[in-house]
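Chain residues, written in single-letter form:
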Amino acid sequence: MRLKDFPAEELFLKGSAACAGCPDSMALRVAFKALGRNTILVVIASCTSVLQSPFPYSALGVPVLNMAFATGGAVGSGISAAVNYLVKKGEFRDRPTVLVWVGDGGTYDIGIQALSGAAERGDDFIYVCYNNEAYSNTGTPRSGATPYAAWTTNTISGKKEWRKDMAQIMVAHDLPYVATASLAYPTDLFRKMQKAASMRGTKYIEILAPCPPGWKFPSDSTVKVSRLAVQTGVWLLYEHENGKTTYTAGTKRIIEGQSEQVPVAEYLRLQGRFRHLFQGEEADGRVAEYQQRIDEVLENLRFAYKLRERLMDLEIRR
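The following refers to the structure shown. (Residues numbered from 1 in each chain as written. Predicted model: local features only at pLDDT ≥ 70, side-chain atom pairs only at ≥ 80, totals over all residues. Heavy atoms only, no water.)

### A word on the overall build of the chain
Right, so step 1: Per the secondary structure count, the chain includes 12 helices and eight strands.
Right, so step 2: Taking 2.2 N^0.38 as the reference for a compact globule, 318 residues should give roughly 20 Å; the C-alpha atoms of the chain span a radius of gyration of 20 Å, in line with that estimate.
Right, so step 3: The proportion of buried residues among the 318 residues of the chain is 52%.
Right, so step 4: Put simply, of all contacts in the chain between residues at least 6 apart along the chain, 69% involve residues at least 24 apart.
Right, so step 5: Here the chain displays about 15,100 Å² of accessible surface, and carbon together with sulfur accounts for 54% of that area.
Right, so step 6: Looking at the chain, you have 38 positive and 33 negative side-chain charges, and the mean spots of the two groups are 4 Å apart. (Helix = DSSP H or I, 4+ residues; strand = E, 2+ residues; numbered from the N terminus. Rg over C-alpha atoms; globule rule 2.2 N^0.38 Å. Buried < 20%, exposed > 50% of the residue type's maximum accessible area, 1.4 Å probe, protein only. Contact = heavy atoms within 4.5 Å. Areas by Shrake-Rupley, 256 points an atom, 1.4 Å probe, with all protein chains shown as cover. Lys, Arg positive; Asp, Glu negative; His and termini not counted. Charge placed at Lys NZ, Arg CZ, Asp CG, Glu CD.)

This is how it looks when you write it as structure tokens:
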């Protein structure tokens, strides 16, 4: 799949209320192209509630339901059940895809209970967390997804904790499909959305969504920041299905030695929320701490890849 092979139909329409460089609008545009018009969109209180444009107009070319902050998993379950009933009655010729679109605040924190319950039941919908690593729609306070050392309005000297890994929490729910994605790799995102739509049960996709005003970088650099997150190893691209994790796109190339890992300082320096890391006598040590943590993760992945390659080679020789 190449960008020029994407469907021409645009379901994310002109005139949205999104900020310049908004990652949410970019991700929605790709998701709609992957899923098509036969989609029911559930929007949980977030930036998407605003960018879809004021009533009675809409920048979204599919049916949309706007729901309360904590309800993503519950509403997805309810609509999925209603769709199943209407399919059984013959009201739908083709089963619509139920797409629940939620920010990190409504996923990592406020909505995790409803999502976990739906995942345990295996209700049939795609749950997308577009992760801008803060409550960006309400003044940019920290969320459970906010990374270590990041400035927010209530971590003004930098967050003291490392973020939780929500995608791995969903892997632990034994879902049929869990994936991570990046705006800088749209064909990878497109393919993952289509794969999720082809499966039954609860599917979880998390998209890193760099927010220009919240992360404090120029609005024309959203894709650049997205790409650097992957190239440095800050954000890993993978999919997990049938108990197996496969790394994809830029992450795959780093693990397999096809691409050089970029120093994390290049990613952090672009963002005003990390400006304090480069100030004062301890600056080098703080950045080195960040780099060390990322390197440890990637080194473990490289070791696992080399071990798997060696075992496959021994199996072939045998």
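Still more ground to cover, so stick around.
### A look at the packing of helix 3 (residues 72–89) against helix 5 (residues 112–121)
Right, so step 1: Between helix 3 and helix 5, whose axes approach to 6 Å, the crossing angle comes to 40 degrees. Relative to helix 5, the element helix 3 is oriented oblique. The residues of helix 5 that touch helix 3, namely those facing Gly73, Ala74 and Ser77, are Ala114, Leu115, Ala118 and Arg121. (Axes fitted to C-alpha atoms, helices over the stretch in contact; angles between N-to-C directions. Parallel < 35°, antiparallel > 145°, perpendicular 65-115°, else oblique.)

### Things to note about the pattern of salt bridges
Right, so step 1: With the rule as written, the count across this model stands at 18 salt bridges.
Right, so step 2: Note that Arg191 and Asp188 form a salt bridge whose closest N and O atoms lie 3.4 Å from each other. Taken together, the positions of Arg191 and Asp188, both in helix 7 (residues 186–197) and three residues apart, correspond to about one turn of that helix.
Right, so step 3: Residue Glu256 is joined to Lys252 by a salt bridge in which the shortest nitrogen-to-oxygen separation is 3.2 Å.
Right, so step 4: Taken together, the shared-partner salt bridges connect Asp188, Arg191, Lys192, Lys195, Glu239 and Glu241 into one network. (Salt bridge = Lys/Arg side-chain N within 4 Å of Asp/Glu carboxyl O.)

### Quick word on the environment of Val87
Right, so step 1: Positionally, Val87 belongs in helix 3.
Right, so step 2: Residue class for Val87 comes out partly exposed when judged on its relative accessible area of 32%.
Right, so step 3: The spatial distance from the C-alpha of Val87 to the C-alpha of Leu3 is 33 Å, given a sequence separation of 84 residues.
Right, so step 4: With sequence-adjacent residues up to four places away left out, Val87 is seen in contact with Phe92 and Arg95.

### Some words on the packing of aromatic side chains
Right, so step 1: Throughout the structure, instances matching the rule amount to 10 aromatic pairs.
Right, so step 2: An angle of 20 degrees between the planes, with centres 4.4 Å apart, marks the rings of Phe6 and Phe190 as stacked. Placement of the pair is Phe6 in the segment before helix 1 (23–35) and Phe190 in helix 7, with a sequence separation of 184 residues.
Right, so step 3: Feature note: the residues Tyr148, Trp162, Phe274 and Tyr290 constitute an aromatic cluster, connected by ring pairs.
Right, so step 4: Positioned over the ring face of Trp162 is Arg293, at 4.1 Å from the centre of the ring. (Phe/Tyr/Trp six-rings, centres within 6.5 Å; stacked < 30°, edge-to-face > 60°. Lys NZ or Arg CZ within 6 Å of the ring centre and 35° of its normal.)

### Some points on the packing of helix 1 against helix 7
Right, so step 1: The N-to-C vectors of helix 1 and helix 7 enclose an angle of 50 degrees; their axes lie 9 Å apart at closest approach. As the angle between them shows, helix 1 and helix 7 are arranged oblique. Considering the relative orientation of helix 1 and helix 7, their crossing is right-handed. Between helix 1, through Ala27, Val30, Ala31, Lys33, Ala34 and Leu35, and helix 7, the contact on the second element is made entirely by Pro186, Leu189, Phe190, Met193, Gln194 and Ala197.
Right, so step 2: Classifying every residue of the contact of helix 1 with helix 7 gives 10 nonpolar, one polar and one charged. (Left-handed = near helix turned anticlockwise from the far one by under 90°. Nonpolar A, V, L, I, M, F, W, Y, C, P; charged D, E, K, R; others polar.)

### Some details on helix 9 (residues 222–232)
Right, so step 1: Among all positions in helix 9, only Thr222, Val225, Ser226, Leu228, Ala229, Val230 and Thr232 are buried.
Right, so step 2: Two residues or fewer past helix 9, Gly233 is found with a positive phi of approximately 95 degrees.

### Some words on the sheet that holds strand 7 (residues 238–241)
Right, so step 1: Ordered by their spatial adjacency, eight strands build an open sheet running 2-1-3-4-6-5-7-8, and the pairing between neighbours is mixed. The open sheet is flanked by strand 2 (64–67) and strand 8 (244–247), the only strands paired with a single partner. When the angles between neighbouring strand axes are averaged without regard to direction, this sheet yields 20 degrees.
Right, so step 2: Pairing between strand 4 (residues 125–131) and strand 6 (residues 202–208): seven bridges, direction parallel. Bridge pairing links Phe125 to Thr202 in strand 6. (Pairing = 2+ DSSP bridges.)

### Observations regarding unusual backbone geometry
Leaving glycine out, the prevailing phi sign among residues is negative, and the prevailing peptide bond configuration is trans.
Right, so step 1: Here Thr140, not a glycine, exhibits a phi torsion of approximately 65 degrees, which is positive.
Right, so step 2: As for its placement among the helices and strands, Thr140 is situated in the loop between strand 4 and helix 6 (166–171).
Right, so step 3: Positive phi values are uncommon outside glycine, yet Ala249 reaches one of about 50 degrees.

### Some remarks on the pairing of strand 7
Right, so step 1: Residues Tyr238 and His240 of strand 7 are buried on one face, and the alternating residues Glu239 and Glu241, pointing to the opposite face, are buried as well.
Right, so step 2: The pairing of strand 5 (residues 177–182) with strand 7 spans two bridges and is antiparallel. Bridge pairing in strand 7 links Ala179 to Glu239.
Right, so step 3: Linking two consecutive strands that pair antiparallel, namely strand 7 and strand 8, is a turn of two residues; a positive phi of about 55 degrees is found at Asn242 within it.

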